[in-house]
Amino acid sequence: MANVALEHVYKRYGKVTAVTDFNLDIKDGEFIVFVGPSGCGKSTTLRMIAGLEEISDGLLKIDERVVNDVPPKDRDIAMVFQNYALYPHMNVYENMAFGLRLRKFPKEQIESRVRDAAKILQIEHLLLRKPKELSGGQRQRVALGRAIVREPKVFLMDEPLSNLDAKLRVEMRSQISKLHLRLKATTIYVTHDQIEAMTMGTRIVVMKDGFIQQVDTPLALYDYPKNKFVAGFIGSPSMNFMTATVRGDTVSGEGFSVAATGTLAESLKAHNGKQVWFGIRPEHLGLEGSTNIVAGANKLVGKVEVVEPLGAETDLLVDISGQSVVVKVDGHARVKVGDTVTLYADQSRMHAFDLQSEAAIGR
């Protein structure tokens, strides 16, 4: 396998810059995920690595070799596309073997590689079928198999699960994760789905408007976002944000007052009297008596606008003096629309962001 390095990479389309000063070192065997909203530059970056888009500026290295001007076929990469890109007139075996035949591999080696990949992906019984006879999940496994048989240095995956239904997406996420653990292959995976990113990546690259916002492990992004965008993008439901005024180590507004702890408490003192964004995740709010939530200088009072029962838990949309927050509570909590509720924030899990720059305070 291989390491991949992007150094000050730009992509321009005329006067429009799609990717700006992209710097990243991907270690051998890593599973890196590019995540962000549509149009953020994640697929464009992947296509530059694949050689399907020219790099406007900067260097791309695979195993210390600069490959900016190397054709895609000579980069030793394999790509799995969103639409599978299978040949309809070929059966599964022929689709998986096609790339090896083009490269003049011996017949015995082709047979061995295709059979091994089919066994790993549990599609041995499908080898004689045409793509039209397969389900979406089966087609995606064939597309993965076609990449595996190449035994490339780097696997590239461009939103490979976006055409599948919700249940199948969950199943295929675990299949791809298990595949990565087995092959220990350097993998770069693009998605707009932050749940996919959190569950699959060893590291995640969060992008917005062509810029890298933060590169970190899934838990570090969740616990220590560098700015309001990352904080809101990572997590489901997303983090709640409320405008608040800083008073010493406390953030407060109409209907709420929460005292910070630790390094955030110290950092807030420099913003005394100023407005900030107060951030708290739905799972770090609770009704009185909730686990890990203690009563004190962390009270928010509001009116329940929406109740969404999800079984084991219930999501509440609560209006706090004109600012809405989502709260996760126990599925058996007896709360109904119109109730006035007192919420308590886990003070050790609160966040604050500068009102103008939106950079995290105390990080």
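Residues numbered from 1 in each chain as written. Predicted model: local features only at pLDDT ≥ 70, side-chain atom pairs only at ≥ 80, totals over all residues. Heavy atoms only, no water.

### Some words on unusual backbone geometry
Heads up, the condition is: We count a stretch as a helix when DSSP gives it H or I for four or more residues in a row; a strand needs E for two or more, and each element gets its number in order from the N terminus. With a 1.4 Å probe rolled over the protein chains alone, any residue whose accessible area is under 20% of its type maximum counts as buried; one over 50% counts as exposed, and the rest are partly exposed.
Backbone torsion omega between Ser236 and Pro237 reads -10 degrees, so that peptide bond is classified as cis. With respect to the element layout, Pro237 can be found in the loop between helix H8 (228-233) and strand E11 (240-247). At Lys104, a position not held by glycine, the phi torsion is positive, near 65 degrees. Tracing the backbone shows Lys104 in the loop between helix H2 (92-102) and helix H3 (107-121). Judged by its relative accessible area of 72%, Lys104 falls in the exposed class. Look at Lys184: it is not a glycine, yet its phi comes out positive at around 50 degrees. Of note, Lys184 is situated in the loop between helix H5 (166-183) and strand E8 (186-191).

### Focus on the sheet that holds strand E10 (residues 211-216)
For clarity, the cut-off: Strand pairing follows a simple DSSP-based rule, namely that at least 2 bridges must link the two strands. Every axis corresponds to a line fitted to the C-alpha atoms, with the helix fit spanning only the stretch in contact, and the corresponding angles, defined between N-to-C directions, vary from 0 to 180 degrees.
Read across the sheet, six strands follow the order E6-E7-E8-E3-E9-E10 without closing on themselves; strand pairing throughout is mixed. Only two strands of the sheet have a single partner each, and these edge strands are strand E6 (77-80) and E10. For this sheet, the mean angle separating the axes of adjacent strands, direction not counted, is 15 degrees. Judged from the five bridges that link them, strand E9 (residues 203-208) and E10 form a sheet pairing that is antiparallel. Of the residues in E10, the one forming a bridge with Met207 is Ile212.

### Observations concerning the packing of aromatic side chains
The condition that has to hold: Pairing of aromatic rings covers Phe, Tyr and the six-membered ring of Trp, with a centre-to-centre limit of 6.5 Å; geometry is then stacked below 30 degrees between planes, edge-to-face above 60, and tilted otherwise.
Enumeration according to the criterion identifies six aromatic pairs in this entry. Ring plane angle 65 degrees and centroid distance 5.0 Å describe the contact between Tyr87 and Phe98, whose orientation is recorded as edge-to-face. Of this pair, Tyr87 sits in the loop between E6 and H2 while Phe98 sits in helix H2, and the two are 11 residues apart along the sequence. Look at Tyr87 and you get partly exposed, because its relative accessible area is 34%.

### Digging into the nonpolar core
Threshold: As used here, the term nonpolar core means buried Ala, Val, Leu, Ile, Met, Phe, Trp, Tyr and Cys residues forming a set that is joined through side-chain atoms within 4.5 Å. By definition, residues are in contact when any of their heavy atoms lie within 4.5 Å.
Among the nonpolar cores identified, the biggest contains 47 residues, and Met96, Val114, Ile123, Ile176, Tyr189 and Val206 are the most heavily contacted of them. If near-sequence neighbours (up to four positions away) are discounted, Met96 is found in contact with Val114, Ala117, Ala118, Ile123, Leu127, Val142, Gly145, Arg146 and Val149. Listed in part, the 30 residues of the second largest apolar core include Ala244, Val325, Val335 and Val341.

### Focus: the pattern of salt bridges
Where we set the bar: Salt bridges are counted wherever a side-chain nitrogen of Lys or Arg sits within 4 Å of a carboxyl oxygen of Asp or Glu.
Counted by the stated rule, this structure contains 17 salt bridges. For Lys328, the salt bridge is made with Glu313, and the minimal N-O distance between the two is 2.8 Å. Pair noted here: Lys328 is in strand E18 (residues 323-330) and Glu313 is in strand E17 (residues 313-320), with a separation of 15 residues, a long-range link. It is possible to trace a salt-bridge network through shared partners that takes in Lys11, Arg47 and Glu53.

### Observations concerning H3
Since the α-helix advances by 3.6 residues per turn, residues separated by three or four positions end up pointing in the same direction. Keep this limit in mind: Expected span, for any helix, means 1.5 Å times one less than how many residues it has. As used here, the arc belongs to the directions running from the helix axis to the C-beta atoms.
Across its 15 residues, H3 extends 21 Å between first and last C-alpha, which sits within 8% of the 21 Å expected from 1.5 Å per residue. Buried residues of H3: Ile110, Arg113, Val114, Ala117, Ala118 and Leu121, and no others. Relative to the axis of H3, the buried residues are bounded by an arc of 130 degrees and lie together on one face. Among the exposed residues of H3, those oriented more than 90 degrees off its buried face are Glu108 and Lys119. A positive phi of about 60 degrees marks Gln122, the residue just after H3.

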